[in-house]
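Chains, contacts and geometry: an overview
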Amino acid sequence: MVTLSPEDALSVSDLRKSYDGNEVVAGIDFRVTRGTCFGLLGPNGAGKTTTLRCCLGLTVPDGGTIRLGGHTVPEEAEKARANVGVVPQFDNLDPDFTVRENLIVYGRYFGLSNAAIDARIPDLLDFAGLVGKADARIQTLSGGMKRRLTLARAMINDPDIIFLDEPTTGLDPQARHLIWDRMKQLTTRGKTLILTTHFMDEAERLCDRLAILDHGRMITEGAPRNLVATHIEPQVVEVFGDEAADWAREHDTLGERIEVAGETAFFYCQDVAPLLSALHDQPGLRYLHRPATLEDVFIKLTGRELRD
Amino acid sequence: MSKATLFSLPRPGLRWLPVWRRNFLVWRKLALPSVLGNLADPLIYMLGLGYGLGALLPEIGGVSYVSFLAAGTVVASTMNAATFEALYSGFSRMHVQKTWDAILNTPLTLDHVLAGELVWTASKSLLSGLAILLVIAMLGLSASPLALWTIPVIFLTGLTFGALGLIICALAPSYDFFMYYFTLFITPMTLVSGVFFPADQLPPLLHAIAAWLPLSHAVQLARPLLNGQIPANAGGHVAALACIATLAFYVATILTRRRLLK
Ligand SMILES: Nc1ncnc2c1ncn2[C@@H]1O[C@H](COP(=O)(O)OP(=O)(O)O)[C@@H](O)[C@H]1O
Ligand SMILES: [Mg+2]
C-alpha cells in the first residue's frame with residue numbers, strides 16, 4: 001500500500017478496473033513526486049490508457065484510491081483537472097479551426113477569458129515551434145506539428161501536472177526529439193509529467209522513475225538505471241547468423257542467461273571476455289556487444305511474444 | 001460506473017456555454033452557406049405544394065392551403081434541422097473527431113458537453129425556423145403579431161428533437177444507423193402530425209396515437225399562432241413538449257455516460 005501524502009502530484013493505490021470480467025488494471029500502486037517525470041511503460045493493452053483515464057476521473061475504477069494534485073478522484077476530478085493538462089493518445093484537435101482558434105476554444109473550457117488566452121498564445125506557439133502558424137488550418141500541419149500543438153493546447157491553463165499518453169507514437173525521429181526536448185523543458189520549469197510509452201529509449205531518457213506494466217499489473221518500479229542494475233546482467237552480446245541458435249546452445253556456459261529469438265541469440269553476461277574470444281574464432285557469426293538497457297529488462301519481464 | 005453516478009440528474013449549470021460557443025464558431029466559419037441549403041428544400045415544398053396543389057384544394061379551416069402548409073413547414077423544418085444536427089454533427093463530434101473526449105480532459109464534464117450540444121442544436125434549428133417564418137411574413141401568409149409567439153415554440157421544438165436526437169446519437173454504432181430513425185420515426189411522424197393535411201383526416205385510432213407525438217404538439221401550437229389565433233390547450237402542448245424534451249435529455253445523458261465514461 002502507498003500512503004497518501006499531499007506532497008505528491010499523483011498517488012494511486014490498489015487501482016482496479018475490469019471490462020466485461022477482464023481485470024485490465026489489476027491492483028496498481030505508484031506515486032509521482034512533484035516536478036518529476038514518471039513513466040508507465042508497457043506493451044499494447046497493458047492498461048496504460050485505462051490507468052490514465054481513472055486518474056483523470058473519466059472512468060470510475062472498481063477499486064482503489066487516487067489523489068491528483070491534492071484532490072480525491074473521481075469525487076473532485078473537475079477541480080483536479082483544472083490544474084492538469086492532457087496530451088491524449090490520439091490527436092483530437094478541432095479540424096475545422098486554425099491553430100489559434102484551437103487554443104482559444106480549448107482555453108474557454110477552462111473558464112479563461114479571450115484576453116487571458118490571447119496573452120498566452122505567442123508563448124505557446126513559440127514553445128510548440130509553431131511561430132507563424134497561428135492562422136494555419138489543422139489539415140495543413142504535419143503529424144509532428146499536430147502533436148506539438150496538442151502539447152501546447154494541454155498547456156493553455158498553465159497546469160502543474162501534464163499527462164502524456166504515447167506522445168511520440170507515429171512520429172519520425174526528428175519530431176520525437178523535438179517533443180522530448182519540450183518535455184525536458186517542462187520538467188526544468190518544475191512541471192510534473194506522467195508519460196505512457198512503449199518506447200524504451202524514450203522512457204530511459206525522460207523518466208526519473210517508471211513502472212513496467214503488463215496485463216494490468218505493475219511488474220516493477222524504479223529509476224531506469226536502477227531497474228537495469230537490479231534486473232539484468234550488465235553486458236549483452238547479440239549473435240546473428242544462420243548458425244547462431246545452434247552455436248548458442250552449444251556454448252550456453254558463456255553467458256549467465258541466453259535467449260534465442262529467430263536467428264539472433266542474446267547472451268546476458270557479467271563478464272563477456274570468454275564469449276568474445278570464442279566468437280573471434282567463428283567467422284560465420286556476426287555479433288554486437290553493448291551495455292544492457294531498459295529494453296532488456298522489459299523483454300525479460302514481459303517476454304518476447306507479440307502483443308496486439 | 002455505480003448506479004448512482006450513472007443515473008444522477010444532469011447538473012450542467014451554465015458552464016456548457018463554451019461548448020455552445022465552439023459549435024457556434026464552427027458554424028460561423030463554415031456553415032453559413034448551409035443555411036441557404038437548409039432553407040431551399042422546405043421552401044420549395046411549401047411553395048410548390050402550397051400554390052400548386054393548393055390551387056386544387058378548398059380552404060382548410062378558413063385559410064388557403066399554402067397558409068395551412070406554412071405552419072407545418074416551420075415546425076417540420078425545425079424538427080429536421082435539430083435532428084440532423086444532433087445525429088450527424090453530434091455523432092461526428094462525439095465519435096469521429098473525438099471533440100467531446102478533448103473537452104472531457106478539461107474541468108468540464110459530460111453533463112456540460114451534452115447541455116451545450118442540446119442548446120446549440122435548438123439554437124441552430126431556431127435559425128432554420130426563423131428563416132422560414134421570415135419568408136412566410138414576406139409572402140403575406142401571416143400578418144398577426146401573435147405569429148411572434150411561434151419563435152419560442154420553434155425553440156422548444158428544437159430542444160425536444162435535439163434531445164431525442166442525442167438519444168439516437170448515443171446509441172449509434174455508425175452514421176448508417178440514423179436511416180432507421182428517419183424511416184421509422186421522423187418520416188411517418190411528419191405524415192401523421194398534421195404537417196401536410198389535417199390530422200383528423202386520419203383513421204380515428206391513428207389520429208389518437210398521432211396526437212401524442214411531439215411534432216403534433218408543435219403543429220397544434222404553431223398553426224393557430226400563425227393564423228392569428230390563440231391555440232386551444234396551449235399549456236398542455238407546451239407542457240407535453242417540455243416533458244418529452246426533459247425526459248429525452250435525461251435518457252440521452254444516461255446513455256452517453258454509459259457509452260463514453262465506462
Ligand atoms: N472501454 C473499454 N471497454 C472494453 N475494454 C476496454 C475498454 N478500454 C480498454 N479496454 C481493454 O482494456 C485493455 C487495456 O487497454 P488500454 O488501457 O487502452 O491499454 P494500453 O493503453 O496500455 O494499450 C485492452 O485489452 C482493451 O481492449
Ligand atoms: Mg493506450
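Please read all numbers here as calculations on a predicted model, not as lab measurements.

1. Regarding the overall build of chain A
When helices and strands are tallied, chain A shows eleven helices and 14 strands. Split into buried and exposed, the 308 residues of chain A put 52% on the buried side. Long-range contacts, defined here as pairs at least 24 residues apart, represent 68% of the contacts in chain A between residues at least 6 apart. Within the structure as shown, chain A displays about 13,300 Å² of accessible surface, and the carbon and sulfur contribution to it stands at 49%. Here chain A holds 34 positive side-chain charges and 46 negative ones, and the gap between their average locations is 7 Å.

2. Points about the overall build of chain B
In terms of regular secondary structure, chain B is built from ten helices and zero strands. Ordering the α and β elements of chain B from the N terminus gives α-α-α-α-α-α-α-α-α-α. Computed over the C-alpha atoms, the radius of gyration of chain B is 19 Å, within 12% of the 18 Å expected from 2.2 N^0.38 for a compact globule of 262 residues. Structurally, chain B occupies a C-alpha span of about 60 × 40 × 35 Å along its principal axes. For chain B, with 262 residues in total, the buried portion stands at 55%. Taking all contacts inside chain B whose residues are at least 6 apart in sequence as the whole, residues at least 24 apart take part in 79%. Looking at chain B as shown, the accessible area adds up to about 11,600 Å², and 72% of this sits on carbon and sulfur atoms. Within chain B, the 8 negative side-chain charges are centred at a point lying 14 Å from the centre of the 15 positive side-chain charges.

3. Description of empty space enclosed by the protein
Following the criterion strictly, the structure yields two cavities of 30 Å³ or more and no others. At the level of secondary structure, the elements contributing two or more residues to the lining of the largest cavity comprise α3 (99–109) of chain A together with α4 (99–104) of chain B. No other element matches α3 of chain A, which puts four residues into the lining of the largest cavity. Among the residues forming the lining of the largest cavity, the class breakdown is six nonpolar, three polar and two charged. The volume enclosed by the second largest cavity comes to roughly 40 Å³. Elements supplying a minimum of two residues to the lining of the second largest cavity: α2 (17–52) and α5 (110–138) of chain B. Of the residues in the lining of the second largest cavity, the class split is three nonpolar, two polar and one charged.

4. Considering a nonpolar patch on the surface
Residue and element names in this part refer to chain B. A surface patch of nonpolar side chains, amounting to about 250 Å² of accessible area, comprises L47, Y51 and L139. Note that Y51 resides in helix α2. Among the residues examined, Y51 registers a relative accessible area of 42% and is labelled partly exposed.

5. Examining the pairing of strand β12 (residues 257–261) of chain A
Side-chain positions along a regular strand alternate between the two faces of the sheet. In this sheet, strand β13 (residues 264–269) of chain A lies alongside β12 of chain A in antiparallel orientation, the contact comprising five bridges. Looking at β13 of chain A, one finds that A261 of chain A is bridged to T264 of chain A.

6. What about the packing of aromatic side chains?
Residue and element names in this part refer to chain B. Enumeration over the complete set of coordinates arrives at 20 aromatic pairs over all chains. Pairing F84 with F182 gives two aromatic rings, centres 5.0 Å apart and planes at 40 degrees, and the pair type is tilted. Pair noted here: F84 is in helix α3 (residues 65–96) and F182 is in helix α7 (residues 177–192), with a separation of 98 residues, a long-range link. We classify F84 as partly exposed; its relative accessible area is 42%. Measuring from centroid to centroid gives 5.1 Å for F91 and Y175, while their planes differ by 70 degrees, and the two rings are edge-to-face. You can see F91 sitting in helix α3 and its partner Y175 sitting in the loop between α6 (150–171) and α7, a full 84 residues away along the chain.

7. What to know about the site of ligand 1
Taken together, the residues surrounding ligand 1 are Y19, V24, P43, N44, G45, A46, G47, K48, T49 and T50 of chain A together with K262 of chain B. Lying at an intersection of chains, ligand 1 is approached by residues of chains A and B. At 2.7 Å, a backbone N or O of G45 of chain A approaches an oxygen atom of ligand 1. In terms of residue count, helix α1 (residues 48–55) of chain A provides more of the shell around ligand 1 than any other element does, three residues in total. Broken down by class, the residue content of the shell around ligand 1 amounts to four nonpolar, five polar and two charged.

8. Description of the sheet that holds strand β3 (residues 37–41) of chain A
Residues and elements named next belong to chain A. Reading across from one edge, β6-β7-β8-β3-β9-β10 is the order of the six strands in this open sheet, with mixed pairing throughout. Edge positions in the sheet fall to β6 (84–87) and β10 (217–222), since each has one partner strand and no second. Each neighbouring strand pair of the sheet contributes to a mean axis angle of 15 degrees, computed without reference to strand direction. Of the pairings in the sheet, the one linking β6 to strand β7 (residues 161–165) comprises four bridges and is parallel in character. Across the sheet, V87 pairs through a bridge with L164, a residue of β7.

9. Side note on helix α8 (residues 224–231) of chain A
All names here are of chain A. Taken residue by residue, α8 has P224, L227 and V228 as its buried positions. What you see down the axis of α8 is that its buried residues fit within an arc of 100 degrees, all on one side. Counted as exposed and oriented over 90 degrees from the buried face of α8: R225, A229 and T230. Those residues of α8 hidden inside the fold are in contact with α7 (200–206), β9 (209–214), β10 and α11 (294–302).

10. A word on the environment of R15 of chain B
Positionally, R15 of chain B belongs in the loop between α1 (3–7) and α2. Here R15 of chain B falls in the partly exposed class, since its relative accessible area comes to 37%. For the pair R15 of chain B and P107 of chain B, spaced 92 residues apart in sequence, the C-alpha separation works out to 9.7 Å. When neighbours within four sequence positions are excluded, R15 of chain B is seen to be in contact with E78 of chain A together with P107, L108 and H112 of chain B.

11. Looking at the coordination of the magnesium ion (ligand 2)
Under perfect tetrahedral coordination by four donors, a metal shows angles of 109.5 degrees; under perfect octahedral coordination by six donors, it shows angles of 90 or 180 degrees. Residues and elements named next belong to chain A. Note on the magnesium ion (ligand 2): its protein donors are T49 (OG1) and Q89 (OE1). The metal-donor distances range over 2.0 to 2.3 Å. Of the two residues, T49 is situated in helix α1 and Q89 in the loop between β6 and α3; the sequence distance between them amounts to 40 residues. T49 gets classed as partly exposed once you look at its relative accessible area, which sits at 29%.

Scoring rules and cut-offs
- Residues numbered from 1 in each chain as written.
- Chains lettered and ligands numbered in written order.
- Predicted model: local features only at pLDDT ≥ 70, side-chain atom pairs only at ≥ 80, totals over all residues.
- Heavy atoms only, no water.
- Helix = DSSP H or I, 4+ residues; strand = E, 2+ residues; numbered from the N terminus.
- Buried < 20%, exposed > 50% of the residue type's maximum accessible area, 1.4 Å probe, protein only.
- Contact = heavy atoms within 4.5 Å.
- Areas by Shrake-Rupley, 256 points an atom, 1.4 Å probe, with all protein chains shown as cover.
- Lys, Arg positive; Asp, Glu negative; His and termini not counted.
- Charge placed at Lys NZ, Arg CZ, Asp CG, Glu CD.
- Rg over C-alpha atoms; globule rule 2.2 N^0.38 Å.
- 1 Å grid on protein atoms, 1.4 Å probe; cavity = no way out; pocket = protein on both sides within 12 Å on 5 of 7 lines; lining within 4 Å.
- Points joined across faces, edges and corners; volume = space filled by probe spheres on them.
- Nonpolar A, V, L, I, M, F, W, Y, C, P; charged D, E, K, R; others polar.
- Patch = residues over 30% accessible without salt bridge, like charges linked within 9 Å, V, L, I, M, F, W, Y side chains within 5 Å.
- Salt bridge = Lys/Arg side-chain N within 4 Å of Asp/Glu carboxyl O.
- Pairing = 2+ DSSP bridges.
- Phe/Tyr/Trp six-rings, centres within 6.5 Å; stacked < 30°, edge-to-face > 60°.
- Near = heavy atom within 4 Å.
- Polar contact = N/O pair within 3.5 Å; in protein donor to acceptor, adjacent residues only side chain to side chain.
- Axes fitted to C-alpha atoms, helices over the stretch in contact; angles between N-to-C directions.
- Arc of directions from axis to C-beta.
- Donors = N, O, S within 2.8 Å, 3.2 Å for Na, K, Ca; no water.

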